[in-house]
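# Fold and contact review
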Amino acid sequence: MFITLEGGEGAGKSTQIRRLAAHLAARGRPVLLTREPGGSAGAEATRALLLSRPWDAKAEMLLHFAARREHVARSIRPALAAGAVVLCDRFADSTLAYQVAGQGGDRALWDGLVQLSLDGVWPDRTLLLDIPPETGLARAHTRGEVNRYESLGLGFHSRVRQCFLDQAAAEPGRFRVIDAGQGPEAVFAAMLAALPPELGA
């Protein structure tokens, strides 16, 4: 089972996905907790590169998919083959939202890279932690150090959010939208309720 968490800055994905991993592991499920960009040695090196400086939208998309290909080949596919539940903080939907909708990248390029690089590996369920960008950015800034994406303007983050919501509307079988403006306990309860029934969470 391949489960991804998506959402804008400050939605609480990293905190909640760690909690979900612990919850499933406590119930005897083998779990791989991973993230993007990253999740394997080569992909983590690419993550540092991506966060270090601004990139042309096309170059940035290519870097994300290079890291993703490595991540799928080295971490995600082997874990799925071994019967693990893979929990991933961001996947290809984030590239569509950030690099295509946010930065104005080429949607046809994104489609082609999905087909070229992922070999059919795709999430079974995507939990979209949705929050207005004003609220999410305020949360993110309280954490201290601001990354390159968090420093982009409100218009950028509004486009990112709308793209996530559009994706969820287009794929209701895969996506579940969760109000991330609730308290953390309510968000986690909604996440558990949104998991596929096969997980019995």
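Refer to the preceding data block for the structure.
Predicted, not measured: the structure shown is a model, and the values here were computed from it.

This brings us to the pattern of salt bridges. All chains considered together, the criterion is met by 12 salt bridges. Note that glutamate 36 and arginine 68 form a salt bridge whose closest N and O atoms lie 2.5 Å from each other. Here the residue glutamate 36 occupies a position in the loop between strand 2 (31-35) and helix 2 (41-52), and arginine 68 occupies one in helix 3 (residues 57-81), the gap between them amounting to 32 residues. Judged by its relative accessible area of 2%, arginine 68 falls in the buried class. Here the salt bridges do not stand alone but share partners, grouping Glu6, Glu9 and Arg90 into one network.

Now for helix 4 (residues 92-102). Among the 11 residues that make up helix 4, 10 are buried, leaving the element largely enclosed by the rest of the structure. Buried within helix 4 we find Ala92, Asp93, Ser94, Thr95, Leu96, Ala97, Tyr98, Gln99, Val100 and Gly102. Those residues of helix 4 that are buried are in contact with strand 1 (2-6), helix 3, helix 5 (107-117), strand 4 (125-130), helix 7 (154-170) and strand 5 (175-179).

Rules used in this analysis
- Residues numbered from 1 in each chain as written.
- Predicted model: local features only at pLDDT ≥ 70, side-chain atom pairs only at ≥ 80, totals over all residues.
- Heavy atoms only, no water.
- Salt bridge = Lys/Arg side-chain N within 4 Å of Asp/Glu carboxyl O.
- Helix = DSSP H or I, 4+ residues; strand = E, 2+ residues; numbered from the N terminus.
- Buried < 20%, exposed > 50% of the residue type's maximum accessible area, 1.4 Å probe, protein only.
- Contact = heavy atoms within 4.5 Å.

Structural measurements only, silent on function.
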